[in-house]
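Observations on the model geometry
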Amino acid sequence: MNTENCPPLLNTSQMTGDLGGGNANKREMENQAFSSLTTSFAVCLTGTKKGCGIGGCGACTVMISTYDPVSKKILHYPANSCLLPICSLHGTAVTTVEGVGSTKTRIHPIQERLAKCHGSQCGFCTPGMVMSMYALLRNHPEPSMEQITAALDGGFEPTCCQLRGTGQCCLDQEGGVSSSSDRGDRVRCRGLNYFQFTKSVLFPLQRMAQEQQGRTLVFQGERTMWISPASLRELLELKTKYPKAPVVVGNTSVGLDMKIGGVHHPVILHPDRISELRIVNNTNNGLVIGAACRLAQLRDILMKAVSGLPEEKTKIFCALLQQLRTLAGEQIRSLASLGGHIVSRGSTWDLNPVLAVGNSVLNLTSTDGKRQIPLTDDFLSGCKNADIKPNEIIVSVLIPYSKKDDFVSAFRQAERRKNALSIVNSAMRVLFKPGTNVIMDLNILYGGIGSTTVSARKSCQKLVGRQWNEHMLGEACRLVLGEIFLSPSAPGGKVEYRRALLVSFLFKFYLQVLHGLKILDPSKYPDLPKKYMSALGNFECRPPQGRQVYQDVDPEQPPQDPVGHPIMHQSGVKHATGEAVYCDDMHPIDGELSLAVVKSSKAVPVEPSVLTRCYVLGVLQVICVGQIICAVVAESDIQAKRGAEKVKIQYEELEPILTIEDAIKHNSYIGKEKKVEKGNIEKGFNSADEIIEGEMHIGGQEHFYLEPNSVLVVPRGEDNEMDVYSSTQYSSNVQELVASALDIQSNKIMCHIKRVGGAFGGKITKPSYFAVIAAVAANKTGRPVRFILERHDDMLIVGNRHPFFGKYKVGFMNDGRIVAADIQAYINAGCTPDESEMFIVLKMDNAYKIPNFRVRGRACKTHLPSNTAFRGFGFPQSGLFAETWVTAVATQTGLPPEQVRDMNMYEGLNVTPFKEQFDATNLRKCWTECLEKSEYYSRKTAAEEFNKQNYWKKKGIAIIPMKFTAGFNKTFYHQAAALVHIYKDGSVLVTHGGVELGQGIHTKMLQVASRELKVPLSYIHLCETSTTTVPNALITAGSVGSETNGKAVQDACQILRKRLEPIIQKNPEGKWEDWIKEAFQESISLSATGYFKGYVTYMNWEKEEGHAFPYFIFGVACSEVEIDCLTGDHQNIRTDIVMDACFSINPAVDIGQIEGGFIQGVGLFTMEEIKVSPEGKQYTLGPDTYKIPAVCDIPEQFNVYFLPNTRNPIAIYSSKGMGEAGVFLGSSVFFAIRDAIASVRKERGLPENFTLNSPLTTEQIRMVCADDFTEMVMNWPSLCSLWPPAAEG
Ligand SMILES: Cc1cc2nc3c(=O)[nH]c(=O)nc-3n(C[C@H](O)[C@H](O)[C@H](O)COP(=O)(O)OP(=O)(O)OC[C@H]3O[C@@H](n4cnc5c(N)ncnc54)[C@H](O)[C@@H]3O)c2cc1C
Ligand code: FES
Ligand code: FES
């Protein structure tokens, strides 16, 4: 970078900690004047991670400290470093997680607390979480729970991260073990002063900032010039000189255009140091706020104004505050500016409609002079004569005070309540003639409808002079639906839902205003009927609370034996300090090359020719969009990516098969039909009182592990040896495929895995292909090659959880007993078999004993990326489907669903439809215990009572049982091996074949070794998983990784202990170190391999019988929700889970798995939607378009109980694998929502046997809660009465 014209860009003396280069592309310096922080610093700090690169995941959070010349204070704020241009950081301090604390110095209480309270799993997001909390505490030393929850809005998802604490002070926990714990105030640790631990900013920011006031900063890169003028006059001159140059403040809009849209700006202006753009003035008309004011600052300013001014003046401010509560996460709010928001004017931006209805005014300046323009719908739609001119900038914005007779409201509905762009948003304002309800002025704007914010201007004009009553509402709905056009093929789909939101919001506004009028003049206006009051108000995100109850260890157990104790994750502290190294954190190696791939953009099953500039590379057959066609290696990431972009592909197009229906139509399947049958299906149906039939679609799910697939291949230079560092769940497969691709023996390929940043099944088969590509390149060039997938490539290439389509025919008696069920199941396998054929029919009974049962299943072959394993592998889909037909029986018989579940549930000793014996006693115990713990019946009654009182909001509750299948149906899949060394100093090194994915396997292995060798944990180390220490390791999956590898570790340790026994007996009072020394003197081998042959399982498909699973895991979940019938939003109120975890080796780890799995299930069943174009292109390729649950989706009350006094004799220490089972229990939320919807439909006299598909999104909830508004949308322009059926009170 050429810095001739300017002072050093970032002087190390300015840094509080160290600069966070992020893990990504540290090799990449280039001359990217405009690169974001994570992609540019060639410093080898591992803490700051890159999970998405577009501001959506929070993994890259750092703290920025800057001097504010207006307030004369140093401001600290969290920021997504992936969107931070380096040049914008001049004069600021960047604190990364390394600057907060480390194991080498001392760890900060936040890091300590997060680690000790089990707040990390794979740890990839943990540094980002630490930085968010750290920035919060810098500003608010004693934050409220609300502030904490808001600080974690910034993208952190509780699927992998646990986002939970035991509620105890971490300092209290040292050495202590608790058998039960309550979540509570996690902040006020006794005697803990965060500032005691918090480094102050080391450099004189204030002086620096003052010094720089008068200087223009120019950074000249190869392609971009970044200019930061020191004065407004200079900025205006520059804007005249470079009218096309963007005025970049937060870079959250321009940055995304550049990253995603490929837009290039040769000149960028950065006005951050211009004080006129940061002013905050209270004027007679309203607040004047500088355009460079950040949205987080705007929030604070508005909050102050609202608390200090009369209520009638602050209605616009309150509406803005409401939108700011949910707009993006705190990191984005801290970066994004008011001016940037207004000028970038995305259709779904939430503040613009409010600013427009509030008649805000933009104060513009240019070299031609000053002027004011109103912020209107014309401005927002980019109307030329209402817009700012290319040489103008917005200096400030006047946000007017509201008037006494003003009513202002803001609305938004998104796929997720927080940190998700609106599907539709709106702001509405009405001004009445003083003292009347006659409309003097009306303004209604909507976002998310077209390419810009739109106004219902004509409708509003027509309504002026009308009284605010029901007739006006009817007319308003008619007019708005007529004026706001949304074509049936509008981008983004959800057309009917979006139209329904137009009028639903209008109705809410109507009621809010009625309510407001009544408050203003109680004698003049009638009361709002009590039932309709429920249309008012939004769900608030309250901090979750919970209990986690597990059994204490036997009091006889030796105190140093850690088995059964909630031991902290082995890497917990390193997760929190950022010292935990992932594949891409490994230091660049001399001569290292980067690799980028070229993917097919078509799903056609024909040959494309791959062209570079001058020659054809080859002809291939592509079978899906995203198929890797070729790779480019180069000296840097950017060069590799640019090279890949240059490759041109010509396709010959054919019609692709994409859906299950298409595949059925074309008879396109993988493998044969699989079938399992029990009893006599025909007889069963003949004996039934009634038979019902139905079908259901269940969508797929993105794995969304936070660490994208990564691989580094390093040729050793001799004998074709290669080290392969991969983020895989399957080390031996990587080794085998690389060896085979290079045509060398496996013994030359050393695959290493330190840890993986989440996997969920998505890193079983695919990482081997990525490793092969990198290995071929490394072999060809003789140089190390690193291949880190970008988030969107990872989501495109890897495949998903299998979408499912099922048909059922169920025969039952009038008392609810199901006597026959015939199930036909299909999954969308995508373009190759992968592991799709496994288990598609073996889980369909869930917890129910159906005497006559037939299930047939097929894997459909389509032109989608090959779908693959995903946590629970087939069970979540099968279980949801089973619960759907059981619910259908309850609906049909009119019996309560829990009664039908209860009477059909397995009991005592039993056999599955494939004739595997099992004991269902614990299933029943979980059921009874969950009914009791959740206070199911009393809460059900309370929900019913609530529903009677509230027409527009309904509660629902559901209790769902589970018989989960652990493991695999082949014995060899369960084998495991370990290698344990004892060194002469007594220290122990344990290795085994399992991979640490965040599930705590290494922690459990250390516990096993500690118990078996009878040495404290501090003696034992676990370094990595490697094919050099444990050959032929099987996949770490199927919930059984910890127990099978645990058996192998146990075996190795027992061998060693046995060898040591004679020595110990000779010197029983001796110390471990003495015994080891003695053993060495006596030439006793201090190294042993351990082996576990595996659980015996098999499946005979011919006979339709087998012992397909080593054991079953039972669990029951009860969830309660509340839905908003007008928007489709829902609130997870409470969940109680009782799990048959038997004797948990580590309850903290297991509870984390259950909680994380449950939330992942909530995402699967209620939120996560993969959208694919008719041509087979996946639209949902990042956190911007694909929403997984966030903190706001954790049930407000979340309790997990382990069933006491149960044992699993076949697994190590009588434990059970908890890795996957929790996912299905997320379906309790699905059925609780269904229960709420059923209550709506019953009240409205609608058929109660309605079909719901998964995910049960806001769209589906809204549209199935049919009412006059949905009817209006479907049948427009014909209209019926707007009010719900007349109701009293
Ligand atoms: C992850 C993520 C989540 C988001 N979620 C939401 C959400 O939930 N709701 C929502 O409403 N929005 C959301 N946004 C959008 C966000 O509100 C906008 O990107 C942001 O407000 C733009 O501000 P900025 O300062 O970053 O603009 P920049 O990117 O810096 O600039 C944007 C444009 O504004 C122009 N500009 C800036 N200041 C001036 C000025 N003073 N005079 C003239 N022109 C100027 C620039 O020239 C440029 O064209 C999200 C964005 C991201 C990245
Ligand atoms: S990497 Fe920056 S927010 Fe995801
Ligand atoms: S611990 Fe948060 S991403 Fe895994």
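Residues numbered from 1 in each chain as written. Chains lettered and ligands numbered in written order. Predicted model: local features only at pLDDT ≥ 70, side-chain atom pairs only at ≥ 80, totals over all residues. Heavy atoms only, no water.

On to unusual backbone geometry, then. The step from S1254 to P1255 runs through a cis peptide bond, and the omega angle for that step is 5 degrees. Unusually for a residue other than glycine, S1083 sits at a positive phi of about 55 degrees. By the element assignment, S1083 lies in the loop between α31 (1072-1081) and β39 (1087-1092). A residue is classified by how much of its surface remains accessible, and S1083, at 67% relative accessible area, is exposed. (Helix = DSSP H or I, 4+ residues; strand = E, 2+ residues; numbered from the N terminus. Buried < 20%, exposed > 50% of the residue type's maximum accessible area, 1.4 Å probe, protein only.)

Turning next to the pairing of strand β14 (residues 422-432). The element β14 is extensively covered by neighbouring structure, given that 11 of its 11 residues are classed as buried. Taken together, the 8 bridges between β14 and strand β15 (residues 439-447) define a ladder with antiparallel strand orientation. Counterpart to A427 in the pairing with β15 is L445. Linkage of β14 to β15, two consecutive antiparallel strands, is achieved through a turn of 6 residues, within which G435 is found at a positive phi near 75 degrees. (Pairing = 2+ DSSP bridges.)

What follows concerns the state of the cysteines. In this structure the tally under the stated criterion is 0 disulfides. C541 forms no disulfide, and the closest cysteine sulfur to it belongs to C1192, at a distance of 4.8 Å. Relative accessible area serves as the criterion here: at 17%, C541 is assigned to the buried category. (Disulfide = S-S within 2.5 Å.)

Here, UniProt's "binding site: FAD" (unreviewed entry) annotation points to V247, V248, V249, G250, N251, T252, S253, V254, D350 and R412. Along the polypeptide, N251 turns up in the loop between α7 (232-241) and α8 (254-259). At a separation of 2.8 Å, a polar atom in the side chain of N251 contacts the main-chain carbonyl oxygen of L83. One can find T252 in the loop between α7 and α8. In contact with T252, not counting residues within four places along its chain, are L83, I332, L335 and A336. (UniProt positions renumbered as here; feature names shortened; annotations may be inferred. Polar contact = N/O pair within 3.5 Å; in protein donor to acceptor, adjacent residues only side chain to side chain. Contact = heavy atoms within 4.5 Å.)

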